[in-house]
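The primary structure of each chain is shown beneath.
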Amino acid sequence: MEAAAAPLERRSEGTAMAAALERRSEGTATAAPAPLERLYEGTAPGRGVAAAGWRLCLAHRFEEPRQPYGAGDVPFRDVLRHVGLALRYFRWWYKKTRIEKKSAFIDLLCAVPLQQIYGCPLGGIGGGTITRGWRGEFCRWQLNPGIYHYGTVIADQFTVCLRCKGQTVYQQVLSVEKPSTLQGWNWGYCGHYAFYHALYPRAWMVYELPGQNVVLTCRQVSPVIPHDYKDSSLPVGVFIWEVENGRDEDVDVSIMFSMQNGMGAKEDKGGGHWNEPFTFEKEGERVAGVLLHHCKRVNPFTLAISAREKAGTGVTHLTAFNPAGVGREVWQDLLHDGRLESPPGKSSLTEKGELTAAAVCASCTVPARGHRTLEMALAWDMPCIHFGSKEKLHLRRYTRFFGSGGDAAPALSHYALTHYKEWERKIEAWQNPILENSQLPSWYKSALFNELYFLTDGGTIWVELPPDCCDEDLRGQAAAGISHLLPVLREYGRERAALLPEKSLEGPSRVGYSVKSSPDLLYIGNKTPLLTGASACAGKEPTLLGHVERRTWPSFPLPVAGLTSLTISLVLPGQEYRMYNTYDVHFYASFALVMLWPKLQISLQYDIAITVMNEDVQLRQYLMCGQTAQVKLKNVVPHDIGDPGDEPWQRVNAYLMHDTADWKDLNLKFVLQVYRDYYLTHDSVYLRDMWPVCQAVMESELKFDTDNDGLIENGGFADQTYDAWVVNGASAYCGGLWLAAVCMMCKMAEVLGDAKIRQKYMDILNKGKEAFERKLWNGKYYNYDSSGSDGSNSIMSDQCAGQWFLGACGLDQGEFEVFPKSHIVSALRTIFEKNVMSFAGGTMGAVNGMRPSGEPDTSSVQSNEVWVGVVYALAATMIQEGLVEEGFRTAEGCYRTVWEQLGMAFQTPEAYREKKVYRSLAYMRPLSIWSMQLALERRASQAPAPPQPTQVPNHP
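From a predicted model like this one, the values you see are computed outputs, not experimental measurements. Each chain has its residues counted from 1, following the order in which its sequence is written. At least 70 in pLDDT is required for a residue's local features to be given in this predicted model, at least 80 for side-chain atom pairs to be given and counted, and no such filter applies to totals for whole chains, interfaces and linings, which use all residues. Values shown for side chains rest on all heavy atoms present in the structure; no hydrogens or waters enter the calculation.

### Things to note about the overall build of the protein chain
Okay, step 1: Only runs of H or I of at least four residues qualify as helices and only runs of E of at least two qualify as strands under DSSP, and these elements are numbered from the N terminus. Across its full length, the protein chain holds 23 helices and 33 strands.
Okay, step 2: Think of it in three bands: residues with accessible area under 20% of the maximum for their type are buried, residues over 50% are exposed, and the middle band is partly exposed, with areas taken using a 1.4 Å probe on protein chains only. Burial status across the protein chain gives 66% buried among its 956 residues.
Okay, step 3: By the convention used here, residues are in contact when the closest approach between their heavy atoms is within 4.5 Å. Partitioning the intrachain contacts of the protein chain with sequence separation of at least 6 by distance along the chain shows that 72% fall at a separation of at least 24.
Okay, step 4: Reported accessibility uses the Shrake-Rupley method at a 1.4 Å probe radius. Residues are deemed covered only where the shown protein chains occlude them. Roughly 31800 Å² of accessible area belongs to the protein chain as shown, and the carbon and sulfur atoms make up 51% of that amount.

Okay, here's the thing in structure tokens:
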């Protein structure tokens, strides 16, 4: 597959519509962002700031506070209808949270409150993330796998010092905050003279220093690079400070980066933490900074703040200071000469109840009317992780390249500061064809890239498998037919948690990135060899690198040339919903993965395939109905791979609201993704491996065709991703997915040369198409379901989901046309007229359900919501079917609402209503916006679709 950023050429078809769209988009692009920037009083544009993206003044305040959906928002009729559910849920919740002292997989009683502060997260995929807010604060932490700590750590700041002719003329914390701690510092930067700009994975903060004629541009870079499976895993972020001096005299400029040892959580006061300076030199490049060893009992880690030394740039440090105090000693140290004291040696261990912090300072002289650059980095090294059950130990993906001894932070810092320019070149090569396309509106460019934040900040974990793992260990006896599982997972990993027995974690400690033990390469401030953090965290005296004793942190050897390790990864459906790889939601989000990191999508599918073929016979009660059933049945797709508070992969299906073995969409979504992935990657080995699994799940699905008319029926409860919206009989959503899956079974059978299976599903398809049209088509759109109930003729925004996937795979015409094109276009136009334009004045996207009268469907909690990810998928479907302007108008409503009106940047929710409430912040489903890009690329090409893959012989 070509890179997803292929430029869109001007098409002859639909020129008038495209021109109208561009005129409208240009108008909104220049006018709509103004409220976010109107308070900016500076004139500086910043240095190298991208044109497209999300921009706002640091003095901005969002005027519409929203509340999470809570018990008080449930209509009285629903309260009466679900009394049993409420009682069962409360009993379960109380036992889980109050007796077992664990977190609920979905906490309906204690939702995360909205904070309108977040910006681009730092870090690559699967190594944890640290989010820096749009006002510059470090405010959201996801270092422990799948667990979030929300809180601003006030000591984590950048401070600028300006000196002219040997005198300090200006010193300011670059923060608008005025905290109660560190009051010896100069807080309260005027936000009217700064703005933030985000275009993930980069962000810019521009500070026009009042009265100084100096402009600072801080560019933040994380290694999130499509089709890169090494650097994209690194837990690092780089801050490049561009300093522009508008004075007629030279200015000495210092940037101090301070950080507390920890995340602002209670463990910060647990005692036993310590800091130490370091320098790291390799191939003539030298980096210096401070390591902050956070030595908690479970999942210890090391933070590293550092700067790059080069000609004209000096780096100094302060090993330890008290972040809970006044901070005067730090402030005066910097104020005196623009440098820090740089004491040698490590700090003492903190006492219980004591906090510690450190700082690093980069300094240079900026000539009159000139410009200089200072480069700083933040890295974190938590190589060994436990999930909540603490049963298994796991090594993160980046340890393959940097070792697992807990002493990789210096090497990570050095690598980041010497490779970020290469990262930026690759990021620009990927993004520029889209950013430079004048046909695309500015808001779309911002949404497309900024929504990718969730791939790193979705609780994502990417870990290694043990080197002695064999094929049978991974798949079990039941999945013996998946022959190429091991080679795939060796190279690219899985979207799952590894089962890593602690006894297998043996081997010598290693430091990655070709670190040598000689003191002239790796040493602390007084040229003493580096003290390793791992042994100190184990309660021992620090030992010299190169003479390391056996540690309590086990290590794997680094890969040998010609060999590879195994890796696996996970992602939550949302930061509030603690269930890894929730498959009904991943169905929508998977477009981003398959277009940008296709090998991760394929490895995720292998993982799901393994789970399909296995079962968990343990019985449990399901909260919605109160019935007891098996946790996982064989030959059905799981809902999820487990709770990060438990042991993912070992115990799947953390979701216990419904027995999802009876859900109608999960099996179908597996089949649809298998063919879509094959169509875009041409990976015939993958298709052949997935074929028996597809047959197994479709056989399981056939039992839902209760009247043998070729069309499955829903069971009279909320048996699909809309898990609170009851559906009965044939339905537009599940029925459409079913027919699309049947069609793709026919196509896969054709490619694989399986004539018997092809004929079987062609017969089902022909019957099912007739039944679908007869039972659901009403002349304008497809009814919600065929039950004849009061809500059965509601207009569902997601009724064309099957066509969405068919169109993405080039199966929307000719022999494989499933739904009449005239019907699809009519349905989409009806959705646009009713669900979009008749809802909130057409400014908030598409409501899930709309009555023919033009009123939102209030029959369920979810029918009255806007689901952002569903809206982006709907917009993609509209674009596929030629309704380009309608598609952009529909999607634009969600972007404007979330990013500009509600202040939910980098925490796009699953759902919101027209007024007052939202549900589930920071959700996976909006990654479906990448299906819009795929639809645009397909329409831009001369041919209707990429060349069809050649037929794959049906043999091993």
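### Comments concerning the pattern of salt bridges
Okay, step 1: Put simply, a salt bridge is a Lys or Arg side-chain nitrogen that is within 4 Å of an Asp or Glu carboxyl oxygen. For the structure shown, the criterion picks out 40 salt bridges.
Okay, step 2: The partner of E285 in a salt bridge is R308, and the shortest N-O contact between them spans 3.0 Å. A residue pair is termed long-range when its members are at least 10 positions apart, and E285 in strand 15 (residues 285-294) and R308 in strand 16 (residues 301-309) qualify at 23 residues.
Okay, step 3: Look at R308 and you get buried, because its relative accessible area is 12%.

### Here's the deal with the packing of helix 8 (residues 442-450) against helix 23 (residues 929-940)
Okay, step 1: The axes are straight lines fitted to the C-alpha atoms, using for helices just the contacting stretch, and the angles between their N-to-C directions are given from 0 to 180°. Look at helix 8 against helix 23: their axes get within 9 Å of each other, and the N-to-C directions meet at 120 degrees. On the basis of their axis angle, the class for helix 8 and helix 23 is oblique. Crossing hand, helix 8 versus helix 23: left-handed. Facing Y444, A447, L448 and F449 of helix 8, the residues of helix 23 in contact are I929, W930, M932, Q933 and L936.
Okay, step 2: Classes in brief: Ala, Val, Leu, Ile, Met, Phe, Trp, Tyr, Cys and Pro nonpolar; Asp, Glu, Lys and Arg charged; the others, Gly included, polar. Considering only residue class, the contact of helix 8 with helix 23 consists of eight nonpolar, one polar and no charged. Any angle from 65 to 115 degrees is called roughly perpendicular, while one under 35 is roughly parallel, one over 145 is roughly antiparallel, and all others are oblique. For any pair of crossing helices, the crossing counts as left-handed if the nearer helix is rotated counterclockwise from the farther one by less than a right angle, and right-handed if it is rotated clockwise.

### A word on the packing of aromatic side chains
Okay, step 1: Between 30 and 60 degrees the pair is tilted, below 30 it is stacked and above 60 it is edge-to-face, where a pair is any two Phe, Tyr or Trp rings, Trp via its six-membered ring, whose centres lie within 6.5 Å. According to the stated counting rule, one finds 58 aromatic pairs in the structure shown.
Okay, step 2: An angle of 45 degrees between the planes, with centres 4.8 Å apart, marks the rings of F772 and Y782 as tilted. Linking F772 in helix 18 (residues 755-776) with Y782 in the loop between helix 18 and strand 29 (795-796), this pair joins segments that are 10 residues apart in sequence.
Okay, step 3: The buried category is assigned to F772, whose relative accessible area is 1%.
Okay, step 4: Judged by relative accessible area, which is 1%, Y782 ranks as buried.

### Some remarks on the sheet that holds strand 17 (residues 313-321)
Okay, step 1: Pairing between strands requires that DSSP locate at least two bridges from one strand to the other. Pairing is antiparallel in the open sheet, where five strands are placed in the order 8-7-13-18-17. Strands at the two margins of the open sheet, each flanked by one partner only, are strand 8 (167-173) and strand 17. Taken over all neighbouring pairs, the strand axes of this sheet differ in orientation by 20 degrees on average, direction set aside.
Okay, step 2: Across six bridges, the pairing between strand 7 (residues 157-164) and strand 8 is antiparallel. Note that in strand 8 the partner of C161 across the bridge is Q171.

### Points about the sheet that holds strand 3 (residues 121-122)
Whenever strands of a sheet pair, they do so through backbone hydrogen bonds, lying parallel or antiparallel.
Okay, step 1: Judged by pairing direction, the sheet is antiparallel, and its four strands sit side by side in the order 3-4-5-6 without closing on themselves. Each of the sheet's edge strands pairs with one partner strand only, and the pair in question is strand 3 and strand 6 (149-150).
Okay, step 2: Alignment of strand 4 (residues 129-132) against strand 5 (residues 138-142), held across four bridges, turns out to be antiparallel. Each bridged residue has a counterpart across the sheet, and for T129 the counterpart in strand 5 is Q142.

### Things to note about a nonpolar patch on the surface
Okay, step 1: A patch is a set of surface residues, each over 30% in relative accessible area and not in a salt bridge, joined within 9 Å for like charges and within 5 Å for the nonpolar side chains Val, Leu, Ile, Met, Phe, Trp and Tyr. Together, F90, Y94, I99, L108 and L109 give the surface a local cluster of nonpolar side chains, amounting to about 500 Å² of exposed area.
Okay, step 2: Looking at the element boundaries, L108 is found in the loop between helix 4 (83-99) and strand 3.

### Topic: the environment of A840
Okay, step 1: Inspection of the secondary structure assignment puts A840 in the loop between helix 20 (821-836) and strand 30 (849-850).
Okay, step 2: According to the relative accessible area criterion, A840 is buried, its value standing at 18%.
Okay, step 3: Between the C-alpha atom of A840 and that of R913, which follows or precedes it by 73 residues, the distance is 9.7 Å.

### Examining helix 14 (residues 598-612)
One full turn of an α-helix is made of 3.6 residues, so residues set three or four places apart face in the same direction.
Okay, step 1: Over its 15 residues, helix 14 runs 21 Å from end to end, which matches the ideal 21 Å to within 8%, given 1.5 Å per residue.
Okay, step 2: A large share of helix 14 lies buried, amounting to 14 of its 15 residues. Multiplying 1.5 Å by the helix residue count minus one yields the expected span of that helix.

### Quick look at the pairing of strand 7
Okay, step 1: Counting buried positions along strand 7 yields eight of eight residues, so the element is predominantly enclosed.
Okay, step 2: Residues Q157, T159, C161 and R163 line one face of strand 7 and the alternating positions F158, V160, L162 and C164 line the opposite face, and both faces are buried.
Okay, step 3: Counting the residues that bridge the hairpin from strand 7 to strand 8 gives two residues, and of these K165 lies at a positive phi of roughly 55 degrees.

### Some points on the nonpolar core
Okay, step 1: Residue types Ala, Val, Leu, Ile, Met, Phe, Trp, Tyr and Cys, when buried and joined through side-chain atoms within 4.5 Å, form a set referred to as a nonpolar core. Ranked by size, the top nonpolar core spans 286 residues in total, and within it W54, W241, F670 and W930 carry the most contacts.
Okay, step 2: No other element matches the 17 residues that helix 17 (residues 732-752) contributes to this core.
Okay, step 3: A155, W185, F321 and W331 belong to the second-largest nonpolar core, a separate cluster that totals 17 residues.

### With respect to helix 19 (residues 801-808)
Okay, step 1: Most of helix 19 is tucked away: eight of the eight residues are buried.
Okay, step 2: Turning to helix 19, its buried residues number three or more, namely A801, G802, Q803, W804, F805, L806, G807 and A808.
Okay, step 3: Those residues of helix 19 that are buried lie in contact with helix 13 (583-596), helix 15 (666-681), helix 17, helix 20, helix 21 (868-880) and helix 23.
Okay, step 4: Following helix 19 by one or two positions, G810 adopts a phi angle in the positive range, close to 70 degrees.

### Side note on unusual backbone geometry
Okay, step 1: Look at the link from Y200 to P201: it is a cis peptide, with omega at 10 degrees.
Okay, step 2: By the element assignment, P201 lies in the loop between strand 9 (194-199) and strand 10 (202-209).
Okay, step 3: With a phi angle near 65 degrees, N635 is a residue other than glycine that sits in the positive phi range.
Okay, step 4: Its identity as a non-glycine residue notwithstanding, K916 has a phi of 75 degrees, on the positive side.
Okay, step 5: Assignment of secondary structure puts K916 in the loop between strand 32 (911-912) and strand 33 (917-919).
Okay, step 6: With relative accessibility at 66%, the residue K916 sits in the exposed group.

### Quick notes on the environment of L182
Okay, step 1: Tracing the backbone shows L182 in the loop between strand 8 and strand 9.
Okay, step 2: Separated by 27 residues in the primary sequence, L182 and A155 have C-alpha atoms spaced 7.7 Å apart.
Okay, step 3: Excluding residues that lie within four positions of it along the chain, L182 makes contacts with A155, W187, F321, N322, P323, G325, V326 and G327.

### Thoughts on the packing of helix 7 (residues 409-435) against helix 8
Okay, step 1: It is at 10 Å that the axes of helix 7 and helix 8 come closest, and there the two elements cross at 150 degrees. In terms of their interaxial angle, helix 7 and helix 8 are classed as roughly antiparallel. Read as a crossing pair, helix 7 and helix 8 show a hand that is right-handed. Taking contact as the criterion, the partners of W430, Q431, I434 and L435 in helix 7 are, on helix 8, K445, L448 and F449.

### Remarks on the confidence of the model for the protein chain
Okay, step 1: Think of pLDDT as the predictor's per-residue confidence, scored from 0 to 100. In this model, the protein chain carries an average pLDDT of 87, and 84% of its residues clear a pLDDT of 70 or more.
Okay, step 2: Here residues 494-566 is a poorly scored stretch, pLDDT under 50, and it has 221 contacts once near neighbours within four places are set aside; other chains count.

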